[in-house]
Amino acid sequence: MTNFVTTAALEERYQLATYKKMPIAAERGEGVWLYSNDGRKYLDLYGGHAVAGTGHSHPHVVKAIQEQAQKLLFYSNLVYSEARALAAEKLVTIAPRSLTKAFFCNSGTEANENAMRMARLATGRKNIITFSGGFHGRTADAISATFLGKYRELGKPNVPGHLQAEFGDLESVRALADETVAAIMLEPIQSMAGVRQAEPGFYRALRKLCDGRDIALIYDEVQTGIGRTGEWFFAGSKSGDGVVPDIVTLAKALGSGIPVGACLVTEQIASHIKENDLGTTFGGGMIAMAAVTATLEAIEQDGMLANVKAVEAHLRERLREVEQVVSVRGLGFLLGLEFADKAAPIHKALLERQIITGTSSDPNVLRLLPPLCLKTDEVDLFVAALVEIVLAADERG
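Here we summarise the structure given alongside this text. Sequence order as written defines residue numbering, which begins from 1 separately in each chain. In view of the model being predicted, local features appear only for residues whose pLDDT reaches at least 70, and side-chain atom pairs are presented and counted only at 80 or more, with totals across whole chains, interfaces and linings using the full set of residues. The side-chain numbers reported here are obtained from all heavy atoms of the structure, hydrogens and water having been left aside.

## Remarks on the overall build of the chain
Counting its regular elements, the chain contains 14 helices and 16 strands. Computed over its C-alpha atoms, the radius of gyration of the chain comes to 21 Å, within 12% of the 21 Å expected for a compact globule of 397 residues. Counting only C-alpha atoms and orienting by the principal axes, one finds that the chain spans roughly 60 × 55 × 45 Å. Think of it in three bands: with a 1.4 Å probe and only protein chains considered, a residue is buried below 20% of the maximum accessible area for its type, exposed above 50%, and partly exposed in between. Each of the 397 residues in the chain was classed as buried or not, and the buried ones make up 54%. If you take every contact in the chain between residues at least 6 apart in sequence, the share linking residues at least 24 apart comes to 72%. Taken as two groups, the 41 positive and 47 negative side-chain charges of the chain have centres that lie 3 Å from each other. Counting from the N terminus, the helices are the DSSP runs of H or I reaching at least four residues and the strands are the DSSP runs of E reaching at least two. The globule rule is 2.2 Å times the number of residues to the power 0.38, and the radius of gyration it is compared with is taken over C-alpha atoms. Pairs of residues are marked as contacts when any of their non-hydrogen atoms sit within 4.5 Å. For the purpose of charge, His is not counted, nor are the chain termini; Lys and Arg are scored as positive and Asp and Glu as negative. For the purpose of locating charges, the reference atoms are NZ of Lys, CZ of Arg, CG of Asp and CD of Glu.

Following this line, the structure appears as C-alpha cells:
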C-alpha cells in the first residue's frame, strides 16, 4: 500500500496535469463516506462530481458488475445483448411516457454531441441555441455549445452554428429561434454556473416555442437526471411545469461510477435516425449496462427518491441556523449554498474537517452533490461543521 505522498508524486510524474486536486488519495468508499490511503474518513457531499448517486460501491451494483464480468466483459453493438436490452427497457420504463428509445454512449459530453446530431438529422437544420452559464462538455460540438466562463475559448476553433441566449429570458430565445435552428438545448438547472434555475413558466414557454417553430427541445440532464432532484428526471417534473423535451441526455450517476451516458428520445426523433447515423464502440457495453440496471434498481429498492426529498427538507431547515447562508438554490441533492462572501475559504475549511463539497463559477456559491443515500444525521454533521467555521471566521473579524 502506498501512502499519500507516494501516490501524489507518481500521478504528478506520469499523468498529464488537468484538474487542481484535493489532498486526498481515495482508496475505498462506502455509502456517503470516502476513505483515503492514509486512513482518513471523509463525508462526501460531492459524490465525485455527482457520479456516486447510489453511494460508493453500493452492494447491489457491485454484485451486478461482478456477475456480468464473470460472463462477458464486452461485445460491441453488432450483436444483441440481454444486458443491453434490460438496461434500455428499465431506463425507458422510468422515463416520461413520450421518451421511448434509448441510445447508449460513454459520457455526458458524448450524449450531448449525439443529441445535437439527432436534432440536426431530424430537422435538416444546423444551428443550436444554448444558454449563458450552460456547460455541456469538452468535446468539439459540446464545448462549442458551452457559454460558461472560458470553456468555449479553450475549445477553439469552435464548431459553427452555436447561438447564445440568456438563461431564463424567453425574448432572447425568440430573437434567435428562426428557421435555421435545429434545437434548443439547456441544463434545466445550471450546476457549474452556481446552481441557477429558471421559473417553471420558462420551461413551458420554451416547449411552446419549439412546438410552434418545429425545433427540437433538449434537456441536458447529465447532472439533474437519475434521481438527483428527488424525481427520476427534471423532465416531466412539477419544477419544470411538467414539460417533457424531445431528447434527454444522461450520464454521471447513471452507472454509479461505471462510465456510461445515454440519450432518451421520442418516436418522432427516432424515426429520422437510420443505421450508421450514430455509432460507438464501447457504448452499450455489458459491464456498463449491468451497472445501469443495478443502479436504477438500487435507487428503487432503497427508496432513494423519497429520501432525497426528505433529507433536502431537513437540510434546508438546518441551514436556517447559518446566517451567512443567504440563499439555498436548486433541488434535491443538487444544491447551491450562496454565502454573503466568497465560498472558497469555507470549502477549504470543510475539507480540513474531512467534509468534501464543491465550488462553482459563482465565487459565493458552494455546491452539494451528495449520494442519494445521504441521511439526516450526516447532514447534521455538515451543518455543525459549517456553524463552527462561520463562527470562527466571525471571531477573527
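## Side note on the sheet that holds strand 1 (residues 26–30)
We treat two strands as partners when DSSP finds at least two bridges between them. Reading across from one edge, 1-2-3-15 is the order of the four strands in this open sheet, with mixed pairing throughout. Taken across any chain shown, the strands that pair with only one partner, and hence form the sheet edges, are strand 1 and strand 15 (355–356). Bridge analysis of strand 1 against strand 2 (residues 33–36) gives four bridges, and the strand direction is antiparallel. In the sheet register, R28 faces strand 2, and the bridge partner there is Y35.

## Considerations on the packing of helix 3 (residues 59–71) against helix 11 (residues 286–301)
Axes here refer to lines fitted to C-alpha atoms; in helices the fit is confined to the stretch in contact. Angles between the N-to-C directions go from 0 to 180 degrees. Viewed as axis vectors pointing N to C, helix 3 and helix 11 meet at an angle of 155°, and their least axial separation amounts to 8 Å. As far as their axial angle goes, helix 11 and helix 3 are roughly antiparallel. Where helix 3 crosses over helix 11, the handedness of that crossing is right-handed. Residues H60, V61, A64, I65, Q68 and A69 of helix 3 touch helix 11, and the partners they reach there are M286, I287, A290, A291, A294, T295, E297, A298 and Q301. Each residue is assigned to one class: nonpolar for Ala, Val, Leu, Ile, Met, Phe, Trp, Tyr, Cys and Pro, charged for Asp, Glu, Lys and Arg, and polar for all the others, Gly among them. Classifying every residue of the contact of helix 3 with helix 11 gives 10 nonpolar, four polar and one charged. Roughly parallel means an angle under 35 degrees; roughly antiparallel means over 145; roughly perpendicular covers 65 to 115; every other angle is labelled oblique. Throughout, a crossing is termed right-handed when the near helix is turned clockwise from the far one, and left-handed when it is turned anticlockwise from it by less than a right angle.

## So, the sheet that holds strand 16 (residues 365–368)
The sheet built from three strands is open, its strands ordered 13-14-16 with antiparallel pairing. Bordering the open sheet on either side are strand 13 (325–331) and strand 16, each of which pairs with just one other strand. Averaged over all pairs of adjacent strands, the angle between their axes in this sheet comes to 20°, without regard to strand direction. Across the face of the sheet, helix 12 (residues 304–318) comes into contact with strand 13, strand 14 (334–339) and strand 16 while running at roughly 170° to strand 13.

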